[in-house]
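One letter stands for each residue in the lines below.
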Amino acid sequence: MQIKPHLKNLIPYPPGKTINEIKKELGISGKVYKLNSNENPLGPSPKVIETLKNCLLEVHHYPEASYQELKEFLAKKWDVLPEQIILGNGSNEIIEFLFKSIINPDDEIIISKPSFLMYEKFAEIYGAKIKLIPLTKDFKHNFAEILKNISERTKIIFLDHPHNPSGSVLNRKDWQDFLKNLPSYILTVIDEAYGEFIEDPSIPLGIEFLKNGYKVLILRTFSKAYGLAGLRLGYGISFIELSKVLDSVRQPFNINLLAYKAGLAVLQDKEYIEKSISLVKEGRKYLTEKLTSFGFKVYPSQANFIMVDFGEKAEKIYQELLKRGILVRPLKAYGFSNALRISIGLPEENKILVENIKKLI
Ligand SMILES: Cc1ncc(COP(=O)(O)O)c(C=O)c1O
């Protein structure tokens with residue numbers, strides 16, 4: 001047996017710790033506040049819980065293979081054809097479909113440095129060359145530099161929008177100028193994992209560009225606003241030529257029965273979705289104001305998290321919060337050792353975080 005040489009030193013994705021891991025590691029028996037993985041603090045929708053209970057008696061069957069009902073629902077939501085929807089085991093899986101179907105070894109992808117780490121991970125696994133383009137000074141994708149760095153080997157540009165971990169976004173004019181100048185052989189992936197939380201009306205969604213004929217793939221997830229991270233469900237929307245190929249490289253039944261039924265249930269729970277989104281918008285404002293008033297730099301965010309520059313105190317604050325059962329995400333792996341990423345929690349969780357930070361400083 002010989003392991004592929006380029007995989008020998010691969011470092012796996014560093015996931016946020018779970019509540020049980022933390023309790024065990026630190027010997028905490030009380031409540032743990034999980035503000036490290038940008039999950040939905042509300043818990044699942046009551047409609048999802050009800051649906052899943054009923055579904056449990058069916059798990060000895062494979063799910064329906066075409067996932068037609070979910071595709072049709074999503075197609076209607078976005079006013080596209082059902083064939084333009086690709087379903088994935090998390091939106092992460094759709095990123096992998098792209099590498100499987102488009103990327104040959106030594107093809108090149110362009111990503112911002114830093115951005116969501118999985119683009120880089122898949123590129124390493126599939127042997128693609130990675131061009132990393134530093135963000136602008138205000139932590140946005142640097143469209144001008146990305147355009148300068150395109151070559152004839154560039155196949156895909158990955159842009160998380162809102163950006164992870166800063167929460168930054170770009171306006172319509174910036175997007176239009178960028179997309180207009182891209183050669184048509186390049187695919188732009190607009191990853192809108194946090195798209196539901198965009199509040200600023202001047203910020204465009206990728207669907208607008210897809211409908212205007214640009215070569216884009218939009219990624220969306222059920223892990224954040226829809227509260228289904230543990231079930232793994234995401235989707236892509238693209239032009240037919242690409243969506244057909246992506247759909248053909250997936251395994252049969254890549255969406256498990258529970259995820260499929262839960263996805264359909266939550267989409268119909270408008271009250272839950274609205275509550276999830278308003279909770280984030282209010283919590284984001286509250287945390288931004290409080291932490292700014294303590295003298296820390298909070299980067300403007302349109303996502304369900306904020307990135308905060310704690311300067312030299314970052315590591316100490318992270319460790320002290322951890323001891324008190326409050327988990328946030330250190331950003332050393334992203335190259336920001338002075339910053340922490342804090343997911344927006346329930347109002348009482350946000351308050352406890354603020355009180356603890358106040359005591360620590
Ligand atoms: C920008 C971005 N894209 C995609 C994902 C993954 O989403 P999923 O849970 O659907 O795989 C995340 C998860 O944190 C993310 O931050």
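Conventions and cut-offs
- Residues numbered from 1 in each chain as written.
- Predicted model: local features only at pLDDT ≥ 70, side-chain atom pairs only at ≥ 80, totals over all residues.
- Heavy atoms only, no water.
- Near = heavy atom within 4 Å.
- Polar contact = N/O pair within 3.5 Å; in protein donor to acceptor, adjacent residues only side chain to side chain.
- Areas by Shrake-Rupley, 256 points an atom, 1.4 Å probe, with all protein chains shown as cover.
- 1 Å grid on protein atoms, 1.4 Å probe; cavity = no way out; pocket = protein on both sides within 12 Å on 5 of 7 lines; lining within 4 Å.
- Sits in = over half its atoms within 2 Å of the grid points.
- Nonpolar A, V, L, I, M, F, W, Y, C, P; charged D, E, K, R; others polar.
- Domains from an automatic or database assignment.
- Contact = heavy atoms within 4.5 Å.
- Buried area = accessible area lost by both parts, 1.4 Å probe.
- Salt bridge = Lys/Arg side-chain N within 4 Å of Asp/Glu carboxyl O.

On to the site of the ligand, then. Close to the ligand lie 13 residues, the nearest being Ser 91, Asp 191, Tyr 194, Thr 221 and Ser 223. One of the side-chain nitrogen or oxygen atoms of Ser 223 is found 2.7 Å away from an oxygen atom of the ligand. Its free accessible area being 400 Å², the ligand has 93% of it covered by the protein chains. In a pocket analysis with a 2 Å cut-off to the grid points, the ligand is assigned to the largest pocket. Across the shell around the ligand, the residue classes tally to three nonpolar, six polar and four charged.

Split into domains, the protein comes out as domain 1 (5-42 + 271-360) and domain 2 (46-267). On a C-alpha basis, the centres of domain 1 and domain 2 stand 24 Å from each other. With 31 residues of domain 1 at the interface, the matching set in domain 2 holds 35 residues. Each partner contributes to the roughly 2600 Å² buried at the junction of domain 1 and domain 2, and carbon and sulfur atoms together form 67% of this total. At the junction of domain 1 and domain 2, the tally comes to one salt bridge. Across the pair Glu 199 and Arg 284 runs a salt bridge whose closest N-O atoms are separated by 3.1 Å. At the boundary of domain 1 with domain 2, the tally comes to 12 residue pairs in polar contact (both at pLDDT 80 or more).

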